[in-house]
Amino acid sequence: MIESWKDFLLAQGATIENGSVRHFGDPAAERAAAATGTIVADLSQLGVLAFRGEETVAFLQGQVTNDVQALHADSAQWSGYCSPKGRLLGNFLMWRDGEDYCLQLSGDIAAPVLKRLSMFVLRSKTRGRDASDETVRLVVAGSAATDAVQRAMGVLPDAPLRTAKGDAGMVVRVGADKYVLSLTPERAPSVWETLRSHATPVGAPVWDWLRLNAGIPMIVAATQEEFVPQMVNLEVIGGVSFQKGCYTGQEIVARSQYLGKMKRRMFLAHVDAEAAAGDPLYSADHEGQVSGTVVNAAPAPDGGFDLLAVARVDSATAHTLHLKAADGAPLAIKPLPYAMPE
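The structure reproduced in this document is the subject of the present report. All values reported here derive from a predicted model rather than from experimental measurement. (Residues numbered from 1 in each chain as written. Predicted model: local features only at pLDDT ≥ 70, side-chain atom pairs only at ≥ 80, totals over all residues. Heavy atoms only, no water.)

## Focus on the nonpolar core
Core analysis: the largest hydrophobic core is formed by 51 residues, its most contacted members being Leu93 and Val232. Take this core: its biggest share by element is five residues, from helix α7 (residues 204-213). If we ignore the near neighbours within four places in the chain, the residues touching valine 232 are Leu88, Pro217, Phe227, Met266, Val295 and Val310. Within the second largest apolar cluster, 27 residues are counted, among which are Ile2, Leu9, Val40 and Ala199. (Core = buried A, V, L, I, M, F, W, Y, C linked by side-chain atoms within 4.5 Å. Buried < 20%, exposed > 50% of the residue type's maximum accessible area, 1.4 Å probe, protein only. Helix = DSSP H or I, 4+ residues; strand = E, 2+ residues; numbered from the N terminus. Contact = heavy atoms within 4.5 Å.)

So this is what it looks like as structure tokens:
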């Protein structure tokens, strides 16, 4: 986290732990605001990798799951980065900012993902760097988000997964009422002040709750190499191209798509217990064996935790999943906000 920005947030009443804003004094009220109103949150807990150079597109095209050639100056996309076995090492929101191709991902995997990608640059005319502390990133979400962002930034993308550039930085629209802002550190305080007159400041866990309820997964250190992209519905949200050609892990990803039905999928659920990424799930139909894994979890406004979990489809649909043990807290499956393939 940029020190000057950290000082600003502390002056705003933020409680910060390990570079992440936990809350602004009243976590319960912040969760309630997310459920019924409009919020603004700092995203310093996330990392940003930036690649630039004349062969950047060709390099990234051979590494990530989405079609980088289709990433225009005013567009954004979800994407993933796989091992040769087709397992996700990370997933990210991608956008362009001038010469840079920016990849926003979980902060705890930013350094190892950059190191691994850099191993394959070789003689390609591109270079990657950790750009996490070059900008301040915020997210604005809720019914008044569009008006708030327009007032704060002076520009507004006209559709989801489109971008717009203003004097203070980039606006990336990630949903009908959700915006990620990538700001110059100098302009970030004034943008924040404008936003907070329309939105409630909240900690990172509140944004995690909104994101996972939108069905958007985030691979973290605890879940690296656990899932092929389809297991976390990455292709459903537009994060996988099946026409772009070869990339690392592509053979496995394509085989998973075309040879039979996926046996494991990502579900949205609620549990009246504390949950965390990587926690195992159990069900009666697979006695003694793990039936699934928590992808992401966050405290819910009405108590308990909401979570995204990858589980055996038969276990999640015909049986009850239990957290951490066969007799652990039961999960209540909730509908995802998008249609799943048959």
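What follows picks up the thread again.
## Observations concerning the pattern of salt bridges
Enumeration over the complete set of coordinates arrives at 13 salt bridges. A salt bridge links arginine 129 to aspartate 100; the nearest nitrogen and oxygen atoms lie 2.8 Å apart. With a gap of 29 residues between them, arginine 129 in strand β8 (residues 127-130) and aspartate 100 in strand β7 (residues 100-106) connect regions that are remote in the sequence. Residue classification places arginine 129 among the partly exposed residues on the basis of a relative accessible area of 25%. Given a relative accessible area of 8%, aspartate 100 falls into the buried group. A salt bridge links aspartate 208 to arginine 211; the shortest N-O distance between them is 3.6 Å. Of this pair, aspartate 208 and arginine 211 both sit in helix α7, three residues apart, which is roughly one turn of the helix. A relative accessible area of 23% places aspartate 208 in the partly exposed class. When salt bridges that share partners are traced, they join Arg52, Glu99, Asp100, Arg129 and Glu134 into one network. (Salt bridge = Lys/Arg side-chain N within 4 Å of Asp/Glu carboxyl O.)

## Observations regarding the side chain of threonine 56
Mapped onto the elements of the fold, threonine 56 is located in helix α3 (residues 56-61). The residues contacting threonine 56, other than those within four sequence positions of it, are Phe51, Tyr101, Lys125 and Thr126.

## Brief notes about the state of the cysteines
A full pass over the atoms with the stated rule returns zero disulfides. Free cysteine cysteine 82: the closest other cysteine sulfur is in cysteine 246, separated by 13 Å. On the basis of relative accessibility, which here comes to 1%, the residue cysteine 82 falls in the buried class. (Disulfide = S-S within 2.5 Å.)

## Considering the packing of helix α5 (residues 145-153) against helix α6 (residues 188-196)
Axis angle and axis distance: for two packed helices, these are the angle between their axes and the distance between the axes, and together they describe the pair. Remark: α5 packs on α6, axes separated minimally by 9 Å, with the N-to-C direction vectors making an angle of 145°. For the pair α5 and α6, the sense of crossing is right-handed. In contact with Ala148, Val149, Arg151, Ala152 and Met153 of α5, α6 contributes Val191, Thr194 and Leu195. The residue makeup of the contact of α5 with α6, split by class, is six nonpolar, one polar and one charged. (Axes fitted to C-alpha atoms, helices over the stretch in contact; angles between N-to-C directions. Left-handed = near helix turned anticlockwise from the far one by under 90°. Nonpolar A, V, L, I, M, F, W, Y, C, P; charged D, E, K, R; others polar.)

## Comments concerning the packing of aromatic side chains
Inspection of the entire model under this criterion finds five aromatic pairs. With 5.9 Å between their ring centres and 65° between their planes, phenylalanine 242 and tyrosine 258 make a pair best called edge-to-face. Of this pair, phenylalanine 242 sits in the loop between α7 and α8 (250-258) while tyrosine 258 sits in helix α8, and the two are 16 residues apart along the sequence. For phenylalanine 242, a relative accessible area of 25% puts it in the partly exposed group. Through a chain of ring-to-ring contacts, three or more aromatic side chains come together here, namely Trp5, Phe8, Phe24 and Trp192. (Phe/Tyr/Trp six-rings, centres within 6.5 Å; stacked < 30°, edge-to-face > 60°.)

## What to know about the packing of helix α2 (residues 27-36) against α7
Orientation of α2 relative to α7, taken along the N-to-C sense of each, is 30°, at an axis distance of 9 Å. Here α2 is positioned roughly parallel relative to α7, judged by the angle of their axes. Crossing handedness for the pair α2 and α7: right-handed. Contacts between α2 and α7 pair Glu30, Arg31, Ala34 and Ala35 from the former with Val206, Trp209 and Leu210 from the latter. In terms of residue class, the contact of α2 with α7 is made up of five nonpolar, no polar and two charged. (Parallel < 35°, antiparallel > 145°, perpendicular 65-115°, else oblique.)

## Observations concerning the sheet that holds strand β17 (residues 305-312)
If you walk across this open sheet you meet the six strands as β18-β15-β16-β17-β14-β19, and the pairing is antiparallel. Looking along the sheet, the strands with just one partner apiece sit at the ends: β18 (322-323) and β19 (331-334). Of the strands in this sheet, β14 (264-271), β16 (290-299), β17 and β19 touch α7, which is tilted by about 130° from β16. (Pairing = 2+ DSSP bridges.)

So yeah, pure geometry; function would need other evidence.
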